[in-house]
Amino acid sequence: MIILELEDFTPPELRPKARELSRHVFDRWRQAGAVAAARINPLETCGNDDLIGVLAGRPDLILMSKVATPQQVVALEKATGGTMELIPNVETAAGLVNAFAIARASPRVSAMLVASEDMVADLGTSRSRRGAELAYVRARFLVECRAAGVEAIDCPYTFSDVKGAVADAKTAKRLGYRMKSLVDPSHARAINAVFSPTKAELRKAQRIVAAFEKARAAGKERAKVDGALIEVPIYAAAKRLLESLARS
């Protein structure tokens, strides 16, 4: 997904020009095989102008920054005509504690994204490469999104080094994230590699599925693979991985 970012990355005086660009870039992004999206400011600020400007370019979905209440999502759904996929961005402590309600505020919400820089500023701390200051935020946000039945998108790594971006992506994957945002294009390939299953992971998933199904056919409740006991949740996760690759 490529996002036309109209909040912090676009100076206010350039937003009218950026909105106009949407008419030209979205189709080009789709032709390149990407999902074309726009990230607007909150409707309480200049978000309505952002939305009117980008809708002419027919984005595939809309992200909105600094969502802290479910009422903001309801208003966004109404403003988009109730037909667009929505991704609220949670960037404050208030948004985090309301994350479940925000996710359930509209059936158009398919995912939510948690921020880094604005979040740490709201928490009264600063961003570090290791990201210890966001550990609780990222873990809780994932749980809230899973409970609400929407996808969780991890915060961007806002330093320039690729090595750090890879480490940060691995941390997100370990927590359970399947998606991650980024602000530096040079990180894209490395992050995709982290979230794409390796050949070894695929082979292990195949062994898990085969062993568990063989055990069940023999009337056993579990199997053993590489010294680990394989029960229903592990089997189900391995099968989902294989099925998702088959669909893609």
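In what follows, the structure referred to is the one given above.
Just so we're clear, the structure is a prediction, and the values are computed from it rather than from any experiment.

Regarding helix α10 (residues 199–217)
In a regular helix each residue adds 1.5 Å, so 19 residues correspond to 27 Å; α10 covers 27 Å between its end C-alpha atoms and thus fits that length. Every buried residue of α10 is listed here: Ala-205, Ile-208, Val-209, Phe-212 and Ala-215. Along the axis of α10, the buried positions cluster into a sector of 140°, meaning they face one direction only. Across from the buried face of α10, at angles greater than 90 degrees, the exposed residues are Lys-199, Lys-214 and Ala-217. Those residues of α10 hidden inside the fold are in contact with β8 (223–225), β9 (228–230) and α11 (232–247). One or two positions beyond α10, positive phi appears at Gly-219, with a value near 85°.

Some points on the pattern of salt bridges
Under the definition given, this model contains 25 salt bridges. With a closest N to O distance of 3.8 Å, Arg-146 and Glu-151 form a salt bridge. Under the relative-accessibility criterion, Arg-146 is labelled partly exposed at 34%. Between Asp-226 and Arg-207 there is a salt bridge, and its shortest N-O distance comes to 2.5 Å. Of the two residues, Asp-226 is situated in the loop between β8 and β9 and Arg-207 in helix α10; the sequence distance between them amounts to 19 residues. The exposure class of Arg-207 is partly exposed, given its relative accessible area of 38%. Look at the salt bridges and you will find they share partners, linking Glu-5, Glu-7, Arg-39, Lys-66, Glu-91 and Asp-118 into a network.

Details of the packing of α10 against α11
When two helices pack together, their arrangement is given by the angle between the helix axes and the distance between those axes. At a minimum axis separation of 9 Å, α10 and α11 run at an interaxial angle of 125°. Comparing the axis directions of α10 and α11 gives the class oblique. As α10 runs across α11, the sense of the crossing is left-handed. Between α10 and α11, the contacting residues are Glu-201, Leu-202, Ala-205, Gln-206, Ile-208, Val-209, Phe-212, Glu-213 and Arg-216 on the first element and Val-232, Ile-234, Tyr-235, Ala-238, Lys-239, Leu-241, Leu-242 and Leu-245 on the second.

Rules and cut-offs
- Residues numbered from 1 in each chain as written.
- Predicted model: local features only at pLDDT ≥ 70, side-chain atom pairs only at ≥ 80, totals over all residues.
- Heavy atoms only, no water.
- Helix = DSSP H or I, 4+ residues; strand = E, 2+ residues; numbered from the N terminus.
- Expected span 1.5 Å × (residues − 1).
- Buried < 20%, exposed > 50% of the residue type's maximum accessible area, 1.4 Å probe, protein only.
- Arc of directions from axis to C-beta.
- Contact = heavy atoms within 4.5 Å.
- Salt bridge = Lys/Arg side-chain N within 4 Å of Asp/Glu carboxyl O.
- Axes fitted to C-alpha atoms, helices over the stretch in contact; angles between N-to-C directions.
- Parallel < 35°, antiparallel > 145°, perpendicular 65-115°, else oblique.
- Left-handed = near helix turned anticlockwise from the far one by under 90°.

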